[in-house]
There are 2 protein chains.
Amino acid sequence: MYNAFKLSLSILVSSLYPKARSMRRVQILLLLAVCKWVVTLAGRPLGNVPAAVRREVYDNGRIFDITHMINPRMPTWDSKNGLGEAVKLVASMKNGSIDNLSEMKFSSHTGTHVDAPSHFIEEYFEAGYDTSTLDLKTLNGPALLVDVPRSSNISAQVMKSLKIPKGIRRVLFRTLNTDRKLMFKKEFDSSYVGFLSEGAKWLVQNTDIKLVGLDYLSVAAYTDLNQTHLTLLRSRKIVVLEGLKLDDIKPGLYNLHCLPIRVLGADGTPTRCILME
Amino acid sequence: MYNAFKLSLSILVSSLYPKARSMRRVQILLLLAVCKWVVTLAGRPLGNVPAAVRREVYDNGRIFDITHMINPRMPTWDSKNGLGEAVKLVASMKNGSIDNLSEMKFSSHTGTHVDAPSHFIEEYFEAGYDTSTLDLKTLNGPALLVDVPRSSNISAQVMKSLKIPKGIRRVLFRTLNTDRKLMFKKEFDSSYVGFLSEGAKWLVQNTDIKLVGLDYLSVAAYTDLNQTHLTLLRSRKIVVLEGLKLDDIKPGLYNLHCLPIRVLGADGTPTRCILME
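Since we're looking at a predicted model, the values are computed, not measured.

Conventions we followed
Residues numbered from 1 in each chain as written. Chains lettered and ligands numbered in written order. Predicted model: local features only at pLDDT ≥ 70, side-chain atom pairs only at ≥ 80, totals over all residues. Heavy atoms only, no water. Core = buried A, V, L, I, M, F, W, Y, C linked by side-chain atoms within 4.5 Å. Buried < 20%, exposed > 50% of the residue type's maximum accessible area, 1.4 Å probe, protein only. Contact = heavy atoms within 4.5 Å. Phe/Tyr/Trp six-rings, centres within 6.5 Å; stacked < 30°, edge-to-face > 60°. Helix = DSSP H or I, 4+ residues; strand = E, 2+ residues; numbered from the N terminus. Buried area = accessible area lost by both parts, 1.4 Å probe. Salt bridge = Lys/Arg side-chain N within 4 Å of Asp/Glu carboxyl O. Polar contact = N/O pair within 3.5 Å; in protein donor to acceptor, adjacent residues only side chain to side chain. Nonpolar A, V, L, I, M, F, W, Y, C, P; charged D, E, K, R; others polar. Axes fitted to C-alpha atoms, helices over the stretch in contact; angles between N-to-C directions. Parallel < 35°, antiparallel > 145°, perpendicular 65-115°, else oblique. Least-squares fit on C-alpha atoms with pLDDT ≥ 70 in both. Disulfide = S-S within 2.5 Å.

Asks: Sorry, what's going on with the nonpolar core here?
Replies: In this structure, M159(A), F173(A), F195(A), F173(B) and F195(B) are the most contacted members of the largest nonpolar core, which totals 96 residues. The contacts of F195(B), once residues within four sequence positions are left out, are I154(B), M159(B), F173(B), A200(B), L203(B), V212(B), L214(B), V219(B), A220(B), A221(B), D224(B) and T228(B). Counting residues in each nonpolar core, the second largest holds 50 residues, with L172(A), I249(A), L259(A) and L256(B) among its members.

Asks: Explain the packing of aromatic side chains to me, please; I cannot follow it from the model alone.
Replies: One pair of aromatic rings is described through two measures. These are the centre distance and the angle between the planes. Residues and elements named next belong to chain A. Enumeration according to the criterion identifies 22 aromatic pairs over all chains in this entry. Summarising the aromatic geometry, the rings of F64 and Y254 are spaced 6.2 Å apart at their centres and angled 85° between planes, so their arrangement reads as edge-to-face. Note that F64 is positioned in strand β2 (residues 63–65) and Y254 in strand β10 (residues 252–260), a separation of 190 residues in sequence. We note that F64, like Y254, is buried. Between Y192 and Y216, the aromatic rings sit 5.1 Å apart at their centres with planes inclined by 45°, giving tilted as the arrangement. Separated by 24 residues along the polypeptide, Y192 in the loop between α6 (176–179) and α7 (197–206) and Y216 in the loop between β8 (211–213) and α8 (225–233) bring together distant segments of the chain. Of the residues examined, Y192 reaches a relative accessible area of 2% and is grouped as buried.

Asks: I would appreciate a short explanation of unusual backbone geometry in the present structure.
Replies: Glycine aside, negative phi is the norm for most residues, and most peptide bonds take the trans geometry. Residue and element names in this part refer to chain A. Although it is not a glycine, D59 adopts a positive phi angle of roughly 55°. As for its placement among the helices and strands, D59 is situated in the loop between β1 (57–58) and β2. Its relative accessible area of 15% is what places D59 among the buried residues.

Asks: How do you make sense of helix α8 (residues 225–233) of chain B when you look at a structure like this?
Replies: Each turn of an α-helix holds 3.6 residues, which means side chains three or four residues apart point in the same direction. Residue and element names in this part refer to chain B. By the criterion of burial, α8 is predominantly enclosed, with 7 of the 9 residues buried. Within the sequence span of α8, burial applies to L225, T228, H229, L230, T231, L232 and L233. Packing partners of the buried residues in α8 comprise β5 (113–115), α3 (122–126), α7 (197–206), β8 (211–213) and β9 (239–242).

Asks: What should I look at first to understand the interface of chain B and chain A in this one?
Replies: Many analyses report the size of an interface as the accessible area lost when the parts associate. Contacts between chain B and chain A engage 81 residues on the former and 81 residues on the latter. Counting each side, the surface lost to burial between chain B and chain A is near 7,300 Å², with a carbon and sulfur contribution of 61%. Ranking the residues of chain B by area buried against chain A places M104(B), R262(B) and R272(B) at the top, with a combined share of 13%. On the surface where chain B and chain A come into contact, there are 12 salt bridges. Here E126(A) ties to K94(B) by a salt bridge, and the two come within 3.9 Å at their closest N and O atoms. Here chain B and chain A share 37 residue pairs in polar contact (both at pLDDT 80 or more) between them. Broken down by secondary-structure element, the contributors of at least two residues to the side of chain B that touches chain A are β2 (63–65), β3 (87–91), β4 (101–107), α3, α4 (136–139), α8, β10 (252–260) and β11 (268–276) of chain B. Within the side of chain B that touches chain A, the residues separate by chemical class into 38 nonpolar, 21 polar and 22 charged.

Asks: Would you mind showing me how to read the packing of α7(B) against α8(B) here?
Replies: To characterise two packed helices, one gives the angle between the axes of the helices and the distance between these axes. Residue and element names in this part refer to chain B. Running from N to C, α7 and α8 point in directions that differ by 10°, and their axes come no closer than 8 Å. Classified by the interaxial angle, the pair formed by α7 and α8 is roughly parallel. Across the interface between the two elements, S197, A200, K201, L203 and V204 of α7 pack against Q227, T228, T231 and L232 of α8. In terms of residue class, the contact of α7 with α8 is built from 4 nonpolar, 4 polar and 1 charged.

Asks: Would you mind showing me how to read the relation of the copies chain B and chain A here?
Replies: The relation between the two copies of this chain is a rotation about an axis and a shift parallel to it. Superposing chain B onto chain A requires a rotation of 180° together with a translation of 0.0 Å along the rotation axis, leaving an RMSD of 0.0 Å. The two molecules are tied by a two-fold rotation axis, judged by turn and shift. Taking C-alpha positions as the reference, the residue of chain B nearest the rotation axis is K105(B), at 2.2 Å. When the interface residues of chain B are mapped onto chain A, 100% of them again lie at the interface, so the same face is used by both copies.

Asks: What exactly am I supposed to notice about the state of the cysteines here?
Replies: Two cysteines whose sulfur atoms are joined by a covalent bond form what is called a disulfide. Residues and elements named next belong to chain B. If you walk through the whole model with that rule in mind, you get 2 disulfides over all chains. The residue that forms a disulfide with C258 is C273, at a sulfur-sulfur distance of 2.3 Å. One end of the pair, C258, is in strand β10; the other, C273, is in strand β11, and 15 residues separate them in sequence. We classify C258 as buried; its relative accessible area is 0%. You can call C273 buried: its relative accessible area is 0%.

Here it is, written out as structure tokens:
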């Protein structure tokens, strides 16, 4: 019985490994094959790998991701072609490297990002007011998500109509931009909704708001870029947060955590923002 | 008297503006000068601009920034020369642009960053397990900061000696790397302290830890890179957090918020991390 098994094994292995002429060789080759299989398995996860899932809601609805994914098809300022390749693989396991390793390259105002005072005010640029000087207290704390009227840019009149209570320090303004899904369209659309400078001025003079969040690439309407940014950034106390992803979240009060990466010398910086209930 | 004033003003202005031959011209030129002065002031903050201050502690000691600043002199993997220029100005107000605008470029494993399962496991790379698939619940919540013995890499023995209680899900390991200020030295130092694979294996098998934070560019000792990463990343449930800035913070329990920017396809991603009391 054992000899019959040895013989059939020998024939089987000889067909796989034609050079194995004796049982000793068969045993050695089998041992090598098993070793190779064990070593291969040790470096791999067991079982099949399910496809990766990307989420917006975590922890049973307690955490909402309000950050747009930086990806080649996302819009970028004044361009028809979208962001393009932001992540480039510079070493890969497939080509024999010990690990997969990539490089990132993008505008400092890509996707969901903060503006620094240095973005629109030259004196602040020269004095070093980059995004690493923004106050983490302002970027972390209670925040109100509000819907604004869909018919116009954010004027003083619109600001008045929102009746944002005194004491509210952080407001995320959801606009027609979210309904139109502008952040999901590759081509830049200058007809987005933003603040008019008179609306920004009203906010500065009549509210306690220190963080202003909007749902497209600029807080300022396209026709009023300069003055709106100046009005908001001049005091260096207001953080401007742009490109937020506010779909599918109920208006109301949340705990905002917004953490731009810490980079020296940048006039804008991509940031991850979450709302917690 | 008025004529004497007009005359002296005329002489003064003529000396400043030699082409002003008549009083009418003087008046027009003065008006233009005033207008220019008003317009210039409107675009500037009033008063002198104090130099920018960068902080690690915010909100009267309630928020600690545990993120290293991405800057040209910070160390980068296996290099003597440091990171170099990561931020490049591509449009500037000084040169007539409406705003200052820069571009960022750096390795996905720069400074304080997270590793994705795709970093060291090819199947996970192919299935899309980049950093955007990491669980935001794991990255936000109670975390323990512990000091580890300064004499060795983190072995099973060291892990045992730390007596980390069951139920603790996030641990930031402060090591000799912080004492040696390695993250402030331009030249990469392979003698840094990290996990040995047997230490990582002990952690996986004997604790509830789902976030492992360390204070130099790799969680794994230089001599045990591959197996340590494999051991920690294989389950796709453990987040690896590298390059933390843990100086001047008391050991103990904090609320960690760690938010890597949301980027499609990256094997690693710079992140901002804070501790809140």
